[in-house]
Amino acid sequence: MAESPLQMTTRLRRKLEKRKIKAQLWGDYYDGRHPLKFASPEFRAQTGGLFDGFSDNWCSVVPNAMIERMSPMGFRLEDGTVDKAAGRAWKMSECDVEIGLSMLESLVSARCYALVWKPDGTTAEITFEPESQAIVEYVPGRRRVRAAGLKVWRDGDLEFATLFLPDMVYRYQRHVNGGEWADRTSGLLRSESAHFRNPIGLVPLVEIPNRTRLLAPPVSEIHNVIPLQNAVNALWAHVLTAADSVALPARAVLGMDRPVREILDPETGEVVGEEDEPIAKFRSDRLLWLEKPGASIAEFSAAPLSGFIELIRELVDHIAAQTRTPGHYLVGRLINVGVDGLAQNEAGLVAKVRERHRYTGAALREIMRIEALAAGEPRRAEALRLGDVIWRDPQFRSDAQYADALTKLKSINVPDEALWERIPGVTPEEIARWKSMRDDQAAAILGGNLAGMFGPKPEPAEEADAEPIPEAA
């Protein structure tokens, strides 16, 4: 028997709750909320909750190093031209700002989603959804064909769900504290139906996965960092504990009775006993009298903590190697490193970012294809499907390096437009403006309007009165 939309909504909602467990764990580690692991029960009993909230957070460095190099600048059609309509729709939905947040969410939580919809029925809007509020289901055996999409959110005491199918859209609601899903009524007019036909004709919810395998779900970039992060935190806990107890020299009094003080009867003034003298008093006063013959002071040397520090550095190096994060991002020390050495050190990170460009770019092309379909432009949608995403160069170079490279490319007759695209941070709109300015300059030269380019020719300066040159005899 076929599954009803309400049954599908309930099933996908349960599936979403299961996914949220791992996503919450990865998000907590990115935010620096790490439980203390790899500590013995005796150590925990001794320290209690002393290290609750402490973390030497390396889990945020790994995705942050990637996201700062992932910047989509525009979209090309199948013929290689820049799609100005897609760029306009991208900016109207403020995707140039939201895309950085969404891709970071994908790196941390393994996936995020984008919804292309017409909230007002006229203009398509692109919004990005976190992993905890959306889910996409695919046709069995066809990993790229979306069968359904579900978006859920809470508002006050109600939880809302919107189920997107290729032909229909179903809207439900229920109380947060439990209850069955029912047709949505909150926020709708009495004449407005909770369910309606999908005007786009396909599921408008697109998944943006991080990295995945053919038979495995997407994985967070910090999935492999978590065990090493736990080890780093445990070692720091031991270092701080040792620094409090054995990192400073300790002194001991030898050959002398334990210092005590007499206990007097408050009424008679007679000695009725004795008690140990508080050691804290001697520590604060920094004074001690040795009255017994033969008494002496011995010293225990401070325990070195360098072994702990070296091990922590080794773990950080493992994080750098396993995640292809440059060492200077984690350690922060660069000594006499040339430009070529720095580029070689960042080669792994650049290669990883370019690999993510392919996966993320496929999802972004699908998003803009849906936007073109929502705008009633099927031909542009098909051209976007076979086009490309214009990414900012993930390799950081100096202005001098870019100028030198572009000059050499110009010498082999590479067109100006292709050179301008290689300049980091230059948008397709700026390239179009530069092209227009160049054409205006060429038209001015051909038309003889040099004054329009350089301004009017300055008048010659009046020559100062000079003495007449005597005639030759």
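Further up the page is the structure itself.
Residues numbered from 1 in each chain as written. Predicted model: local features only at pLDDT ≥ 70, side-chain atom pairs only at ≥ 80, totals over all residues. Heavy atoms only, no water.

**Considering the nonpolar core**
Next up, step 1: Residues Phe75, Trp90, Phe128, Leu163, Leu364, Ile367 and Met368 are the most contacted members of the largest nonpolar core, which totals 83 residues.
Next up, step 2: No other element matches the 9 residues that helix α11 (residues 347-374) contributes to this core.
Next up, step 3: Non-local contacts of leucine 163, meaning those with residues more than four positions away in its chain, are made with Pro5, Met8, Thr9, Leu12, Ala148, Gly149, Leu150, Met168, Val169 and Tyr170.
Next up, step 4: Formed by 6 residues, the second largest nonpolar core is a distinct cluster that contains Phe43, Phe51, Ala234 and Ala237. (Core = buried A, V, L, I, M, F, W, Y, C linked by side-chain atoms within 4.5 Å. Buried < 20%, exposed > 50% of the residue type's maximum accessible area, 1.4 Å probe, protein only. Helix = DSSP H or I, 4+ residues; strand = E, 2+ residues; numbered from the N terminus. Contact = heavy atoms within 4.5 Å.)

**Observations concerning the sheet that holds strand β2 (residues 111-117)**
Next up, step 1: Read across the sheet, 3 strands follow the order β3-β2-β10 without closing on themselves; strand pairing throughout is antiparallel. Of all the strands in the sheet, just β3 (125-129) and β10 (205-209) have a single pairing partner and so form its edges. Each adjacent strand pair in this sheet contributes to an overall mean axis angle of 25°, direction not counted.
Next up, step 2: Pairing of β2 with β3 involves 5 bridges; the strand directions are antiparallel. Directly across from tryptophan 117, in β3, lies its bridge partner glutamate 125.
Next up, step 3: Across the sheet, α11 lies against β2, β3 and β10, angled at about 165° from β10, the strand it touches most. (Pairing = 2+ DSSP bridges. Axes fitted to C-alpha atoms, helices over the stretch in contact; angles between N-to-C directions.)

**Topic: unusual backbone geometry**
Next up, step 1: Its identity is not glycine, yet phenylalanine 38 carries a phi of approximately 60°, on the positive side.
Next up, step 2: In this structure, phenylalanine 38 sits in the loop between α1 (5-30) and α2 (41-47).
Next up, step 3: Of note in the backbone geometry, asparagine 413 takes a positive phi value of approximately 70° without being a glycine.
Next up, step 4: Among the secondary structure elements, asparagine 413 is positioned in the loop between α13 (399-411) and α14 (416-421).
Next up, step 5: Overall, asparagine 413 belongs to the exposed group, its relative accessible area being 69%.

**What about the layout of surface pockets?**
It is the rolling of a water-molecule-sized probe over the atoms that shows where space remains empty.
Next up, step 1: By volume, the largest pocket amounts to about 1600 Å³.
Next up, step 2: Lining the largest pocket are 42 residues, and of these Tyr138, Arg143, Arg144, Glu207 and Pro209 lie nearest its centre.
Next up, step 3: Residue assignment for the lining of the largest pocket shows that the elements contributing at least two residues are α1, β4 (134-139), β5 (142-155), β10, β11 (211-213), β12 (216-219) and α11.
Next up, step 4: In terms of residue count, α11 provides more of the lining of the largest pocket than any other element does, 7 residues in total.
Next up, step 5: The residue inventory of the lining of the largest pocket, partitioned by class, reads 20 nonpolar, 4 polar and 18 charged. (1 Å grid on protein atoms, 1.4 Å probe; cavity = no way out; pocket = protein on both sides within 12 Å on 5 of 7 lines; lining within 4 Å. Points joined across faces, edges and corners; volume = space filled by probe spheres on them. Nonpolar A, V, L, I, M, F, W, Y, C, P; charged D, E, K, R; others polar.)

**Topic: helix α12 (residues 378-385)**
Next up, step 1: All of the buried residues along α12 are Arg380, Ala381, Ala383 and Leu384. Across the axial projection of α12, the buried residues extend over an arc of 165°, all falling on one side. Exposed residues lying more than 90 degrees from the buried face of α12 are Pro378 and Arg379.
Next up, step 2: Looking at the packing, one finds that the buried side of α12 touches β1 (72-76), α4 (84-92) and α11. (Arc of directions from axis to C-beta.)

**Here's the deal with the environment of methionine 92**
Next up, step 1: Inspection of the secondary structure assignment puts methionine 92 in helix α4.
Next up, step 2: Spatially, the C-alpha atom of methionine 92 lies 9.4 Å from that of alanine 124, the residues being 32 residues apart in sequence.

**As for the packing of helix α6 (residues 225-245) against helix α8 (residues 306-323)**
Next up, step 1: Where α6 meets α8, the closest approach of the two axes is 10 Å, and the angle between their N-to-C directions is 165°. When the interaxial angle is binned, α6 and α8 end up roughly antiparallel. The crossing of α6 and α8 is left-handed. Contact residues: Val225, Leu228, Ala231, Val232, Leu235, Trp236, His238 and Val239 in α6; Phe308, Ile309, Leu311, Ile312, Leu315, His318, Ile319, Gln322 and Thr323 in α8. (Parallel < 35°, antiparallel > 145°, perpendicular 65-115°, else oblique. Left-handed = near helix turned anticlockwise from the far one by under 90°.)

**Looking at the pattern of salt bridges**
Next up, step 1: Taken as a whole, this structure holds 32 salt bridges when the rule is applied.
Next up, step 2: Residues joined in a network through salt bridges with shared partners are Arg211, Glu221, Arg324, Lys352, Glu355 and Arg356. (Salt bridge = Lys/Arg side-chain N within 4 Å of Asp/Glu carboxyl O.)

**Notes on a positive patch on the surface**
Next up, step 1: Taken together, Arg142, Arg143, Arg144 and Arg385 make up a surface patch of like positive charges.
Next up, step 2: With 3 residues, the single largest contributor to the positive patch is β5.
Next up, step 3: With a relative accessible area of 52%, arginine 142 lands in the exposed category. (Patch = residues over 30% accessible without salt bridge, like charges linked within 9 Å, V, L, I, M, F, W, Y side chains within 5 Å. Areas by Shrake-Rupley, 256 points an atom, 1.4 Å probe, with all protein chains shown as cover. Lys, Arg positive; Asp, Glu negative; His and termini not counted. Charge placed at Lys NZ, Arg CZ, Asp CG, Glu CD.)

**Details of the packing of α4 against α11**
Next up, step 1: Running from N to C, α4 and α11 cross one another at 95°; their axes reach a closest spacing of 11 Å. Compared by their axis directions, α4 and α11 come out roughly perpendicular. Counting all contacts with α4, which are made through Ala86, Ala89 and Trp90, the residues of α11 involved are Leu364, Met368 and Glu371.
Next up, step 2: Per-class residue counts for the contact of α4 with α11 are 5 nonpolar, no polar and 1 charged.

**A closer look at the packing of aromatic side chains**
Next up, step 1: Tallied over the full model, the rule gives 8 aromatic pairs.
Next up, step 2: Ring geometry for phenylalanine 51 against phenylalanine 54: centres 6.4 Å apart, planes inclined by 70°, an arrangement best described as edge-to-face.
Next up, step 3: Phenylalanine 54 gets classed as partly exposed once you look at its relative accessible area, which sits at 30%.
Next up, step 4: Note on tryptophan 117 and phenylalanine 196: the rings are 6.2 Å apart at their centroids and 45° apart in plane angle, and the pair reads as tilted. Separated by 79 residues along the polypeptide, tryptophan 117 in strand β2 and phenylalanine 196 in strand β9 (residues 195-197) bring together distant segments of the chain. (Phe/Tyr/Trp six-rings, centres within 6.5 Å; stacked < 30°, edge-to-face > 60°.)

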